[in-house]
Structure formats: C-alpha cells, structure tokens
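Examining the three-dimensional arrangement
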Amino acid sequence: MSKKWVGSKILLAAAYVVVPLCAQQTTNNAMAGFSDQELQAFSVLHPIDAHTHVYAYAPGYLGLLRKLHMHTLDIMVVSNNGHPERIDLANESHDVFNLVGKSDHQVFACTTFDAYKFKDPDFAKIAIAGLNQAFADGAIAAKEWKNIGMEIKDSKGNYVLPDNPALKPIYRDIAARHKTLIMHIADPNTAWEPPNPNAPDQSYFIEHPEWYMYKIPGSPSKEQILDARDHVLRYNPDLKVVGAHLGSMEADFKHLTNDLDKYPNFAVDLTARMPYIMKMPRADAIAFLTKYQDRIIYGTDETLYPDADPQKFIRGAENTYARDWRFLSTDAKFTFRGIDTQGLALPQSILRKIYHDNAVRWYPGIQ
C-alpha cells in the first residue's frame, strides 16, 4: 500500500473521529426493518439499488419500493448452473420487462448476452443484435457474467477470458450506444484457495462446486481473469464499466484502488460485499469510501424467482436495506454474520452519491 494512500486514510479518518455524525449506540437489531425515523432519512435520498435480480411481478415488492422512494436496476443473467429461470434469456427478458412495464418507472432493465453461444460463428453478431433490441425496448445497461473466465471454453478447449478478440465488437457496440457494461468477472478469492471452514464464502462453493476453481484442473487463476478485465478497461476507454461486487477485488483493496486510479471509465458496486467493508478497520473503510465517493454505487443482489415466496423476499429485502443504511449512515455497533462492526456515520453528501447520484451518472436513464 502506498504511503500516499496510507496518509490519505489517516487524514480522512481523523476528520470523522473529531466530528461524529450521531451519538454512538449499540444495537442487536441488525436484521430489523426501518424505524420511522430511519425510513424518513433513507427515503429522502431517493435511493437506487443498482443491482437486483427480480424475475417476477409482485405487487408487494413495488409497494416496498414506493415506501422507500427507491428505484432499482433489474439485471439479467444467463446461467446453466442454478435456477431454470436463468437458462433461457428470452424468458428471463420477458419477465424482467414485464416487471419494468408494471413498475411505473421504479424498475429499470439491464440486459445481457448468451455467452454459451460463443462457439457459434456468428456469436458477436447475434449478441449485438440481441443487446440492441433490448436497448430499443428500454434496457439502460448490459451485463457480462463470470462464466466468461470461469466456465465458457472455445472450440480448442481454452477458457474464454474477458479480453478475447471475439468480445471486442460487443464492447465497441455497447460503448457506441452510450450504455454501461456491468462486469461480474471472477469470484472471491475463496474460489481459488484450499478448503477453509473459516472463509466467509466457503459455504457458497460447497453448494456450487462448479465454481470452485481450486478443484478444477486447468482453470485460469483469478489474477489472469482480472488482468484480462483490466485489458478491456485499458483498450476501451469510451466504455463505461461498473465492476460488480467491488470488482471482485473485495479482499485486495490495493488492486481495487489502483484500478480506480488508473481507469476513469471504471466504477464498482457494493453488491453482496458489504461484509468485506464491515471487516475493514473503521478508519480505513471511511477513508476508502470518502476518497472514491464518486465511484461507489449501492447494490444488494436481492433476487426473486417466479417460484419463490414474495412476502419472505420483501421482508428480507427491507431488512437488508435497513442494515446497510445503519452501517453506512450511523455509528451504531452491531454483529452481522459473526462480524463485530461499527457504523461509518458517513456524511449526507457521500451517502447521497453512493445511494443515488453515482447510479444516475453511471447508468444514464435511471432516476
């Protein structure tokens, strides 16, 4: 870590220690929904959850968004590993646009392309045509998923990395249409490490061994995949890219800050990686979010499939929003997933950027 970065952390942290935003409190209610006071403070920001996967129309969900004064970005993903909803892009697209159309401009669509068609001679042409149709239908962004780098192979059996030449026309077309590309490239370090019961993500890879690269012979390293992603950033300076899940650099803030410093076309979202921020020394977390306050976008990964219980989903979603809000906006102490943490009490100006302004900037068209 550079001396300049360490110095900035100390100076920024000191500013927050001297003037806390609220009286310190301890709460065991980390999983509870909003109080009336919290809801008022949260909703006034007109928050945006810029990373959801909601594939069903549920009136109660739209009611929650109205209650929170929230807008969301609903992201499509094509996957052969997991829920059947994600196998068929046409079906998934129909479900997302159905929700968007019934949401009264509360939900916005992010489309994708089917990377499993990579071996098709017309792969790029087909992908571009599908993306452009979705953009014409109202999608405001596109998604590239981790199966690029971690699953898809070419006709010779080689893993397809994000900088594969076949993907270049797709990147150019997205940039030419002034859309943003969300890149969920790679996974947490746990995917490449020996089994460790104390790893925060170990249970996921036990349940999804197809992504446990440590046990897949010949699979690329995480460094190779992220280097290929960085090549895309370098050679496509006109392409706006949002790295999902802290750019999959949640355990390597040196790499993350280097990329943010090096590539002005790159931002990251907090989606499903808030525990990594909670585990940081509080002063370091405050310094990071302060220095990069224009490049951090709020998101949750909240997911609803057509066969799920919508009421359970709605309760869980509100609890997630309330917990994240307490962590970012207050100095309350609480425990979450075995992590003892204290809220960051970020100032209103930074909260507004993380929850609203940055999403509007990086995803033109969202409100």
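These numbers were taken from a predicted model, which means no experiment stands behind them. (Residues numbered from 1 in each chain as written. Predicted model: local features only at pLDDT ≥ 70, side-chain atom pairs only at ≥ 80, totals over all residues. Heavy atoms only, no water.)

**Re the overall build of the protein chain**
Within the protein chain one finds 15 helices and 11 strands. For 367 residues, the compact-globule formula gives about 21 Å, and the C-alpha radius of gyration of the protein chain, at 20 Å, lands near that figure. Each of the three principal axes of the protein chain carries a C-alpha extent, and together these read 60 × 50 × 40 Å. Across the 367 residues that make up the protein chain, the buried fraction comes to 57%. Considering only intrachain contacts with a sequence separation of at least 6, the fraction spanning at least 24 residues in the protein chain is 72%. Accessible surface, the protein chain: about 15900 Å² in total, of which carbon and sulfur atoms supply 52%. (Helix = DSSP H or I, 4+ residues; strand = E, 2+ residues; numbered from the N terminus. Rg over C-alpha atoms; globule rule 2.2 N^0.38 Å. Buried < 20%, exposed > 50% of the residue type's maximum accessible area, 1.4 Å probe, protein only. Contact = heavy atoms within 4.5 Å. Areas by Shrake-Rupley, 256 points an atom, 1.4 Å probe, with all protein chains shown as cover.)

**Here's the deal with the side chain of Glu 144**
By the element assignment, Glu 144 lies in strand E4 (residues 141-144). A distance of 2.8 Å separates polar atoms of two side chains, one belonging to Glu 144 and the other to Tyr 171. If we skip the residues at most four places from it in the chain, Glu 144 touches Phe 113, Pro 162, Leu 167, Tyr 171, Leu 181, Ile 182, Met 183, His 184 and Ile 185. (Polar contact = N/O pair within 3.5 Å; in protein donor to acceptor, adjacent residues only side chain to side chain.)

**Considerations on the confidence of the model for the protein chain**
Atomic detail in the predicted coordinates should be set aside for any region of low pLDDT. Chain-level statistics for the protein chain give a pLDDT mean of 91 and a share of 92% at 70 or above. Every residue in residues 1-27 scores below 50 in pLDDT, and together they form 41 contacts with partners more than four places removed in sequence or on other chains. (pLDDT = per-residue confidence, 0-100.)

**Observations concerning the nonpolar core**
Ranked by size, the top nonpolar core spans 118 residues in total, and within it Ile 170, Ile 277, Phe 288 and Tyr 363 carry the most contacts. Tallying contributions element by element places helix H14 (residues 310-329) first for this core, with eight residues. Beyond its immediate sequence surroundings of up to four residues, Ile 277 is in contact with Leu 246, Phe 253, Leu 270, Ala 285, Phe 288, Leu 289, Phe 327 and Leu 344. (Core = buried A, V, L, I, M, F, W, Y, C linked by side-chain atoms within 4.5 Å.)

**Focus: the packing of helix H2 (residues 36-43) against H14**
Following both chains from N to C, one finds H2 and H14 inclined at 80°, their axes separated by 11 Å at the closest point. With respect to H14, the axis of H2 lies roughly perpendicular. Contacts from Glu 38, Ala 41 and Phe 42 in H2 reach Tyr 321, Trp 325 and Arg 326 in H14. Considered class by class, the residues forming the contact of H2 with H14 number four nonpolar, no polar and two charged. (Axes fitted to C-alpha atoms, helices over the stretch in contact; angles between N-to-C directions. Parallel < 35°, antiparallel > 145°, perpendicular 65-115°, else oblique. Nonpolar A, V, L, I, M, F, W, Y, C, P; charged D, E, K, R; others polar.)

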